[in-house]
Amino acid sequence: LDDLIQSVQKQDYPYIEHIIIDDGSIDNGATVEILNKYSHLRWWTRPNRGQYATMNEGLVSARGDIICFICADDLMPPGVVAKVINIFPFQKNCVGIYGNYSWINSYGERLDLIQPMRVFPTSFYPYCIHIAHSSLYLRKNFLLKSELFFDDNLKFAGDYEWIIRILGTGNNIRRIKVDLSIIRSHDQQASNVSFYQM
């Protein structure tokens, strides 16, 4: 969490609202201790409601025009927010911009994993492509007007299902060939834990 906060804090775009919702952490106050170190954050803690209910809460609460969701395990590469924000004004009727992502392991070492979206068009997304929500920037008013919220009945892959619905609107969402996030792969990720329990 510390690494994530600092990667956002070091962005060179000055108008970032970083919201963190502590969804009922059970770590003897370790999460809250980290959050208390950063006065610039907008954060709160409450009983657990689940990942997707929490992401919906963040969406509704955000004051900015452009939204991006990034998990506590992951990182923002330097300068990516400014790159994305500077593109929006030049994209007619563009409601979103997404990019590539890279992988690291639990030690922060780079992993060379394939990103199929570099090969296929977004129309293939429901079948084989993964756009990381941490590499997807969307206009908040588009999401709210279209009632594009996460399905909080889902425990896993809710971001995948959400992006399928977003792409299904047919609105202009542009891809840029830039790594917009760094995803950390480790054994304690919810998706990995659930996979090994099946």
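See above for the structure.
Source: prediction; values computed, not measured. (Residues numbered from 1 in each chain as written. Predicted model: local features only at pLDDT ≥ 70, side-chain atom pairs only at ≥ 80, totals over all residues. Heavy atoms only, no water.)

> So what's going on with unusual backbone geometry? Which residues, and what values?
With a phi angle near 55 degrees, asparagine 93 is a residue other than glycine that sits in the positive phi range. Among the structural elements, asparagine 93 can be located in the loop between α4 (80-87) and β4 (94-104). What makes asparagine 93 exposed here is its relative accessible area of 61%. (Helix = DSSP H or I, 4+ residues; strand = E, 2+ residues; numbered from the N terminus. Buried < 20%, exposed > 50% of the residue type's maximum accessible area, 1.4 Å probe, protein only.)

> Please set out the pattern of salt bridges residue by residue, giving values where relevant.
Counted according to the given criterion, the structure contains 8 salt bridges. One salt bridge connects glutamate 57 with arginine 49, and the closest N-O pair in it is separated by 3.3 Å. You can call glutamate 57 buried: its relative accessible area is 19%. Three or more residues joined by partner-sharing salt bridges are found here, namely Asp23, Arg46, Arg49 and Glu57. (Salt bridge = Lys/Arg side-chain N within 4 Å of Asp/Glu carboxyl O.)

> Any details on α4? Residues and values, ideally.
Within α4, 6 of the 8 residues are buried, which leaves it mostly tucked inside the rest of the structure. Buried within α4 we find Val80, Val81, Ala82, Val84, Ile85 and Ile87. In this structure, the buried side of α4 is in contact with β3 (66-67), β4, β6 (136-139) and β7 (172-184). (Contact = heavy atoms within 4.5 Å.)

> Describe the packing of aromatic side chains, naming the residues involved and giving the relevant values.
Scanning the entire structure with this criterion turns up 6 aromatic pairs. Judged by centre distance (5.9 Å) and plane angle (20 degrees), the ring pair of tyrosine 52 and phenylalanine 150 falls under stacked. Residue tyrosine 52 is located in helix α3 (residues 51-61), and its partner phenylalanine 150 is located in the loop between α6 (140-145) and α7 (158-168); the two are separated by 98 residues in the primary sequence. When sorted by exposure, tyrosine 52 lands in the same class as phenylalanine 150, which is buried. (Phe/Tyr/Trp six-rings, centres within 6.5 Å; stacked < 30°, edge-to-face > 60°.)

So, to be careful, I would describe these as geometric facts and stop short of saying anything about function.
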